[in-house]
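Descriptive structure summary
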Amino acid sequence: MISYGRQNIDQQDIDAVVDILQGDFLTCGPHVAKFENKLKNLTNASYASACSNGTTALHLALCALNVGPGDTILVPAITFLASANAVRFTGADVVFVDVDPDTALITVQALEDAIKKKPNANFKALINVHFAGQCADLQAIYAFAQKYGLKIIEDGAHAIGTSYVDSKGKSHPIGSNTYSDLTTFSFHPVKTIAMGEGGAVTTEDPALYQRISDLRTHGMIRDQDRLKNESHGPWYYEMQELGFNYRVSDINCALGASQLEKLDYFKQDRLKTVDYYDGELSGLRNVKTMKRLGCAEPAWHLYVAFLDFDAIGKSRQQIVQELHNKGIGTQIHYMPLYQHPYYEDLYGKMTLPGAEAYYKACISLPLFVGLTEQDKKNVVTALKLYQ
Ligand SMILES: Cc1ncc(COP(=O)(O)O)c(C=O)c1O
């Protein structure tokens, strides 16, 4: 059985983790900063804070922007739960934004529509999810945010290694925050880089970085220059605001740092598989491939195909089962978030046409480093039966 995604771990990764287990620091040691430095180099970011996962990265980013009750945040309707849930952790409200059904990415038009529907809401920020590893036109989204005075958090959980190509043809790695305030990442094993559990936030703003670093570890301040009260001695620390334990261990960071060294190889390998699938599937009558945007150089996290289940004459459930019987694992990324009972109870029933059209047709096919040529052929052969 091949899954839709999985990690690729080699001896170098194993040695890196064993080294930590034999060393002095399992957590709060030097490998957290080593990982952060590697991430900064790869993303051209000035500041990076590693944390326990992509969800806590989003929560920290929102807290750093002082998002809280009374605020409203724009979130794509098609994304993983965490993109919206992190907003709810702060007490702020979510307004779901429709997506382009061919990419599952938000558009400026959809953002405008979402804002117009809630004239009394206090919009503070938008979360831009780089779905499957592709990104939308970041300059256009930045211009929209400027117009309405909104902050931008890029949810780059799918997009470590992706670059945005600006209108002059210049590449900006996701995480460099050229057109945003903060970027968050997830390093869950199905993502391009695996840390077990892990995440990070990057920014160009030293104040946001400081706040995130403080909040990541209970809001504890040790720095003499920043104390409010007089120090009681060298052991002294004080808490100036309520923070969390969102730290990530040296064990995870050593694995992450070792994995980051292979990011370029991972990106190219995934691209090869995506090109192969695109080439084999694009001529089929009942299968559509994802639209590729000129403004993105993606490090693909997911391979989403669109099937016309009505024309095929089978339900998605039947096809998922048939593929499963052939040893091919698939997944659906994602049901529109507003359909989850929690969000339905909170905001009422709603539909957004782009998100609905996307969800009706999408199916994620196996994409990971380590798929054999035979595996890929099997996937394509199985899908060709539905043309
Ligand atoms: C778009 C998106 N954002 C955030 C997250 C949360 O990341 P994590 O699972 O590391 O908490 C995920 C994880 O699946 C994701 O896909």
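Source: prediction; values computed, not measured. (Residues numbered from 1 in each chain as written. Predicted model: local features only at pLDDT ≥ 70, side-chain atom pairs only at ≥ 80, totals over all residues.)

Time to look at the overall build of the protein. Looking only at helices and strands, one finds 14 helices and 15 strands in the protein. Scaling as 2.2 N^0.38, a compact globule of 387 residues should have a C-alpha radius of gyration of about 21 Å, and the protein matches this with 21 Å. In terms of its C-alpha atoms, the protein occupies a principal-axis envelope of roughly 75 × 55 × 45 Å. In the protein, which comprises 387 residues, the proportion classed as buried is 49%. Contacts in the protein between residues at least 24 apart in sequence constitute 76% of all its contacts with a sequence separation of at least 6. (Helix = DSSP H or I, 4+ residues; strand = E, 2+ residues; numbered from the N terminus. Rg over C-alpha atoms; globule rule 2.2 N^0.38 Å. Buried ≥ 20, exposed ≤ 12 C-beta atoms within 10 Å, placed from the backbone. Contact = placed C-beta atoms within 7 Å.)

This part takes up the site of the ligand. Close contacts around the ligand come from 14 residues, with Gly54, Thr55, Phe80, Ala157 and Ser186 the closest. Where the shell around the ligand is concerned, the elements lending two or more residues are helix H3 (54–64) and helix H4 (81–89). Looking at the shell around the ligand residue by residue, the classes come out as 4 nonpolar, 9 polar and 1 charged. (Near = placed C-beta within 6 Å. Nonpolar A, V, L, I, M, F, W, Y, C, P; charged D, E, K, R; others polar.)

What follows concerns the pairing of strand E8 (residues 182–186). The buried count for E8 comes to 5 of 5 residues, which makes it a mostly enclosed element. Going residue by residue along E8, you find Leu182, Thr184 and Ser186 tucked away on one face and Thr183 and Phe185 tucked away on the opposite face as well. When strand E5 (residues 151–155) meets E8, the two strands line up parallel, connected through 3 bridges. When the bridges of E8 are listed, Glu154 appears paired with Thr183. Taken together, the 5 bridges between E8 and strand E9 (residues 199–203) define a ladder with antiparallel strand orientation. In the sheet register, Phe185 faces E9, and the bridge partner there is Ala200. (Pairing = 2+ DSSP bridges.)

Looking at the protein, the domain boundaries give domain 1 (11–260) and domain 2 (263–384). Summarising the inter-unit geometry, the C-alpha centres of domain 1 and domain 2 are found 26 Å apart. Contributions of two or more residues to the side of domain 1 that touches domain 2 are made by H4 and strand E6 (163–165). Ranked by residues supplied to the side of domain 1 that touches domain 2, first place goes to E6 with 3 residues. In terms of residue class, the side of domain 1 that touches domain 2 is built from 20 nonpolar, 10 polar and 5 charged. (Domains from an automatic or database assignment.)

Moving on, we get to the sheet that holds strand E4 (residues 123–129). With mixed pairing, 7 strands are arranged side by side in an open sheet as E1-E9-E8-E5-E4-E2-E3. Unpaired on one side and paired on the other, strand E1 (47–51) and strand E3 (93–97) mark the two borders of the sheet. With strand direction ignored, the average angle separating the axes of adjacent strands in the sheet is 20 degrees. (Axes fitted to C-alpha atoms, helices over the stretch in contact; angles between N-to-C directions.)

It is worth spelling out the environment of Ile312 at this point. Looking at the secondary structure, you find Ile312 in helix H10 (residues 309–312). Between the alpha carbons of Ile312 and Val287 there is a distance of 9.4 Å; along the sequence they are 25 residues apart. With near-sequence residues (within four places) excluded, Ile312 lies in contact with Asn286, Leu307 and Tyr386.

What follows is about helix H11 (residues 316–325). In an α-helix there are 3.6 residues to a turn, and that puts residues three or four apart on one side. The element H11 is barely covered by neighbouring structure, given that only 1 of its 10 residues are classed as buried. Where H11 ends, the next residue or the one after it, Gly327, has phi of about 85 degrees, a positive value.

In this section: the nonpolar core. Grouped together as the largest cluster of nonpolar side chains are 115 residues, with contacts concentrated most on Leu60, Ala61, Ile73, Leu74 and Val97. Top contributing element to this core by residue count: H3, with 7 residues. The contacts of Val97, once residues within four sequence positions are left out, are Leu74, Val75, Pro76, Ala77, Ile106, Ala110, Leu111 and Ala114. (Core = buried A, V, L, I, M, F, W, Y, C linked by C-beta atoms within 7 Å.)

Right, let's talk about H4 for a bit. By the burial criterion, the buried members of H4 are Ala82, Ser83, Ala84, Ala86 and Val87. Looking at the buried residues of H4, the elements they touch are H3, strand E2 (72–76), E3, E4 and E5. Looking one or two residues past H4, Gly91 carries a phi angle of roughly 90 degrees, positive in sign.

With that settled, the discussion passes to the packing of H3 against H4. Put simply, H3 and H4 touch, their axes get as near as 9 Å, and they point 45 degrees apart. When the interaxial angle is binned, H3 and H4 end up oblique. Where H3 crosses over H4, the two elements pack in a sense that is right-handed. Along the contact surface, H3 presents Gly54, Thr55, Leu58, His59 and Leu62, while H4 presents Ala82, Ser83, Asn85, Ala86, Val87 and Phe89. (Parallel < 35°, antiparallel > 145°, perpendicular 65-115°, else oblique. Left-handed = near helix turned anticlockwise from the far one by under 90°.)

With that settled, the discussion passes to the packing of H3 against helix H7 (residues 206–216). Running from N to C, H3 and H7 cross one another at 125 degrees; their axes reach a closest spacing of 9 Å. As summarised for this structure, H3 and H7 are arranged oblique, according to the angle between their axes. Judged by the twist between their axes, the crossing of H3 over H7 is right-handed. Across the interface between the two elements, Leu60, Cys63 and Ala64 from H3 touch Leu208, Arg211, Ile212, Leu215 and Arg216 from H7.

Right, let's get into the sheet that holds strand E7 (residues 171–173). Through backbone hydrogen bonds, the strands of a sheet pair up, either in parallel or in antiparallel fashion. A sheet is described by the order of its strands in space; here 3 strands give the open sequence E7-E6-E13, paired in antiparallel fashion. The sheet is open, and its two edges are formed by E7 and strand E13 (296–297), each paired on a single side. When E6 meets E13, the two strands line up antiparallel, connected through 2 bridges. Following the sheet pairing, Tyr164 is matched in E13 by Ala296.

With that settled, the discussion passes to unusual backbone geometry. Cis geometry is adopted by the peptide bond preceding Tyr334, which originates at His333 and carries an omega value of -5 degrees. Take Tyr334: it is sitting in the loop between H11 and helix H12 (341–347). Phi is positive for Asn44, close to 65 degrees, though the residue is something other than glycine. Mapped onto the fold, Asn44 is located in the loop between helix H2 (30–43) and E1. You can call Asn44 partly exposed: it has 17 C-beta atoms within 10 Å.

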